[in-house]
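# Structure at a glance
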Amino acid sequence: MNFAIIVAAGKGKRIDSKENKVFLPLLSKPMIYYTLKTFQDCNLIDEIVVVAQKNDIKKINEIKSKYNFNKIKNIVEGGKERQDSVYNGLSSIKGAKDDDIVIVHNGSNPLVKESEIIECINSAKQSGASVCCFPLKD
């Protein structure tokens with residue numbers, strides 16, 4: 001099985017927002033919609049875990065229902081730091097086997113492409129791990 005952990009427990013401090021930036025509108029939908037839709041539509045992803053702030057779990061559930069994101073199997077509370085949130089997401093996956101793949105993606109990066117997800121999964125199956133990255137632009 002292939003799992004996706006979408007880390008969306010940020011607070012939006014760097015953009016001086018009163019709400020989590022994943023809920024800010026982008027083309028009339030919350031930004032996280034686009035991230036979730038790409039993983040939902042990817043045939044190689046079996047289950048999605050969303051990691052959110054405790055007070056955002058209800059909003060994530062509403063988005064899940066509204067857009068029929070049925071691959072979201074769990075929504076868990078984030079931790080103090082990003083690595084704690086990823087740990088909480090990993091800990092929520094039950095029954096994973098040694099050859100299962102787990103992808104971790106930042107929920108506030110909505111421009112992930114299905115081809116990038118597929119390439120990461122195939123690369124991880126071949127070599128044991130994979131990272132998708134791009135040169136930083138100022």
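Provided above is the structure to which this section pertains.
In what follows, the accompanying structure is described. Small disclaimer: the values here were computed from a predicted structure and weren't measured. (Residues numbered from 1 in each chain as written. Predicted model: local features only at pLDDT ≥ 70, side-chain atom pairs only at ≥ 80, totals over all residues. Heavy atoms only, no water.)

Pairing within the open sheet is parallel, and its four strands lie in the order E5-E4-E1-E6. Edge positions in the sheet fall to strand E5 (72-77) and strand E6 (101-106), since each has one partner strand and no second. With direction set aside, neighbouring strand axes in the sheet form an average angle of 20°. The strands touched by helix H2 (residues 57-66) within the sheet are strand E4 (47-52) and E5, with E5 carrying the most contacts at an inclination of about 165°. Set on the sheet, helix H3 (residues 82-91) makes contact with strand E1 (2-8), E4, E5 and E6; between it and E1 the angle comes to about 145°. (Pairing = 2+ DSSP bridges. Helix = DSSP H or I, 4+ residues; strand = E, 2+ residues; numbered from the N terminus. Axes fitted to C-alpha atoms, helices over the stretch in contact; angles between N-to-C directions. Contact = heavy atoms within 4.5 Å.)

In a soluble, globular protein the nonpolar side chains are often hidden away together inside. Core analysis: the largest hydrophobic core is formed by 25 residues, its most contacted members being Leu 36, Phe 39, Ile 45, Ile 48 and Val 50. Those elements that provide at least two residues to this core are E1, helix H1 (31-41), E4, H2, E5, E6 and helix H4 (114-127). Here this core takes four residues from H1, the largest share from any one element. The contacts of Ile 48, once residues within four sequence positions are left out, are Ala 4, Ile 6, Leu 36, Phe 39, Gln 40, Lys 71, Ile 72, Lys 73 and Asn 74. Val 7, Val 49, Val 76 and Val 86 belong to the second largest nonpolar core, which has eight residues in total. (Core = buried A, V, L, I, M, F, W, Y, C linked by side-chain atoms within 4.5 Å. Buried < 20%, exposed > 50% of the residue type's maximum accessible area, 1.4 Å probe, protein only.)

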